[in-house]
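# Observations on chain architecture
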Amino acid sequence: MEYLIIIIAVVAVLALAAGTLFFLRPSRRGPGRAAPPPAPPAPPGPGGTPTAEAPGATAVAPTLPPVTGPAVVAEAPLPLAGRMVRLRGRLARSQTAFGSVLLGLLSREGLDDQAWEEIEDTLLAADLGVGPSRQLVDELRTQVRVEGSRGPEAVRAMLRQDLIAAIGPDQDRALHVGRHGDRPAVVLVVGVNGTGKTTACGKLARALIGEGGAVLLGAADTFRAAAADQLQTWGDRVGARVVRSDREGADPASVAFEAVREGIDQRVDTVIVDTAGRLHTKAGLMDELGKIKRVIEKRATVDEVLLVLDATTGQNGLRQARVFAEAVDVTGIILTKLDGTAKGGIVVAVQRELGVPVKLAGLGEGPDDLAPFDPAAFVDAILSG
């Protein structure tokens, strides 16, 4: 019996000691011990995805090559379609006086010979040209004599119809751009310095890229200091590669040829070649322009030769146009600065002189202010006052 009591006592003492040790053992997250800091996140891999990290290994972020490619266009270009209608207000500001005078003269009662001379003088002052002015006056006199009525709305409708007819609504004003089979379209842009030629190249490139095309610019104006830099700025701005020479005064025909070759290799849609703003009175420079076209055509067809004219130069612009047309086959006209002090009749005069249409009109300084020329929108702007 005594042994049984001793055994029970020993067991009780051992159990008590074990319980005490259990409760005295410190907790891993108990008071007095801070939780360990969280493990640092794994470094990002390509595209921002965390990389898996092997146990005990030190993660190293991968070295990525620099991203290259065309510049990112900050603002989406406006669609080419309907641009002239949207910009009609700018056009109207410089043309309203011309339209208002014509409307006022034609609305008079009892138009006599003196009144018709005033109408013809107004048309001549608007740079319409002698031949087109007389033709338009003859047509108006016939209509007035036949119809008799000269209320404001009737006069406006009659004048609108005749002006649109004088501009030529049926002329093909489409730009021949975009790929032609296995080659890009080639657009040669020519004109005198100061007409906005290089700027027109950049704006046209922006418009074509905005419509989903790939464009390459050729800086063949190697005579004017900073001309290539100006075109490069446009290329960076709109996302177009620029082919240029690092040497000022380099052979422009060689630069143009290289631009076309590069455009073919890169499978772009359109190559736009900017040429020197040649003095149209210098025969040697005009011969150089013809050489550029011939050299390009060893590799590809020149689809467009666009002559840039400053609309504010009036009859002087017509003299420039004649000489350029003799040096190279002009296919269309870009008429810039129509929103300034331009006289709207120059549109009719230059088309009659060259036998080619005005295809694009510059209506401001913004990047989207180059618009496909729309005869109806142009005349409506003239007569909006």
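None of the values given here were measured: they were computed from a predicted structure.

Tracing the chain through its elements places Asp127 in the loop between α4 (113-125) and α5 (130-147). The contact partners of Asp127, leaving out residues within four places of it in the chain, are Gly314, Gln315, Lys343, Gly345, Ile346 and Ala349.

Turning to the packing of helix α7 (residues 197-210) against helix α8 (residues 227-238), a few remarks are in order. Two elements in contact, α7 and α8, have axes whose closest approach is 9 Å; the angle formed by their N-to-C orientations is 20°. Relative to α8, α7 is oriented roughly parallel. Handedness of the α7/α8 crossing: right-handed. Contacts between α7 and α8 involve Thr198, Thr199, Cys201, Gly202, Lys203, Ala205, Arg206 and Ile209 from the former and Ala227, Gln230, Leu231, Trp234 and Val238 from the latter. The residue makeup of the contact of α7 with α8, split by class, is seven nonpolar, four polar and two charged.

Mapped onto the elements, Arg244 comes out in the loop between β3 (241-243) and α9 (252-266). In this structure Arg244 touches Ala219, Ala228, Asp229, Gln232 and Val255, once residues within four positions along its chain are discounted. Within the local environment of Arg244, its side chain forms a polar contact with the side chain of Asp229, the two groups lying 2.8 Å apart.

Strand order across the open sheet formed by eight strands is β3-β2-β4-β1-β5-β6-β7-β8, with mixed pairing between neighbours. In this open sheet, the two edge strands, each paired with only one partner strand, are β3 and β8 (370-372). Taken over all neighbouring pairs, the strand axes of this sheet differ in orientation by 25° on average, direction set aside. As judged from the five bridges shared by strand β1 (residues 185-191) and strand β4 (residues 270-275), these two strands associate in the parallel manner. If you follow Ala185 over to β4, its bridge partner there is Thr270. Lying on the sheet, α8 is in contact with β2 (215-220), β3 and β4; it crosses β2 at an angle near 170°. Against the sheet, helix α11 (residues 315-327) makes contact with β1 and β5 (304-310), and its axis sits at roughly 160° relative to β5, the strand it touches most.

This next bit is on the packing of aromatic side chains. Applying the stated criterion across every chain, the model contains one aromatic pair. Both rings, one in Phe373 and one in Phe378, keep their centres 5.3 Å apart while their planes meet at 50°; by these two values the pair is tilted. With relative accessibility at 1%, the residue Phe378 sits in the buried group.

A few words now on the nonpolar core. By size, the foremost hydrophobic cluster in this structure holds 75 residues, and its most contacted members are Ile296, Leu335 and Phe378. Per-element accounting of this core gives the leading share, seven residues, to helix α6 (residues 152-167). What Leu335 contacts, discounting residues up to four positions off in sequence, is Leu309, Ala311, Ile346, Val347, Val358, Leu360, Ala361 and Gly362. Core analysis: the next-biggest nonpolar cluster, separate from the first, contains 22 residues, Val189, Leu204, Leu231 and Ile334 among them.

In this model, Asp127 sits at a positive phi of 65°, which is unusual for a non-glycine residue. Phi at Lys337 takes a positive value of approximately 65°, unusual for a residue other than glycine. Along the polypeptide, Lys337 turns up in the loop between β6 (332-336) and α12 (346-354).

Cut-offs and rules
- Residues numbered from 1 in each chain as written.
- Predicted model: local features only at pLDDT ≥ 70, side-chain atom pairs only at ≥ 80, totals over all residues.
- Heavy atoms only, no water.
- Helix = DSSP H or I, 4+ residues; strand = E, 2+ residues; numbered from the N terminus.
- Contact = heavy atoms within 4.5 Å.
- Axes fitted to C-alpha atoms, helices over the stretch in contact; angles between N-to-C directions.
- Parallel < 35°, antiparallel > 145°, perpendicular 65-115°, else oblique.
- Left-handed = near helix turned anticlockwise from the far one by under 90°.
- Nonpolar A, V, L, I, M, F, W, Y, C, P; charged D, E, K, R; others polar.
- Polar contact = N/O pair within 3.5 Å; in protein donor to acceptor, adjacent residues only side chain to side chain.
- Pairing = 2+ DSSP bridges.
- Phe/Tyr/Trp six-rings, centres within 6.5 Å; stacked < 30°, edge-to-face > 60°.
- Buried < 20%, exposed > 50% of the residue type's maximum accessible area, 1.4 Å probe, protein only.
- Core = buried A, V, L, I, M, F, W, Y, C linked by side-chain atoms within 4.5 Å.

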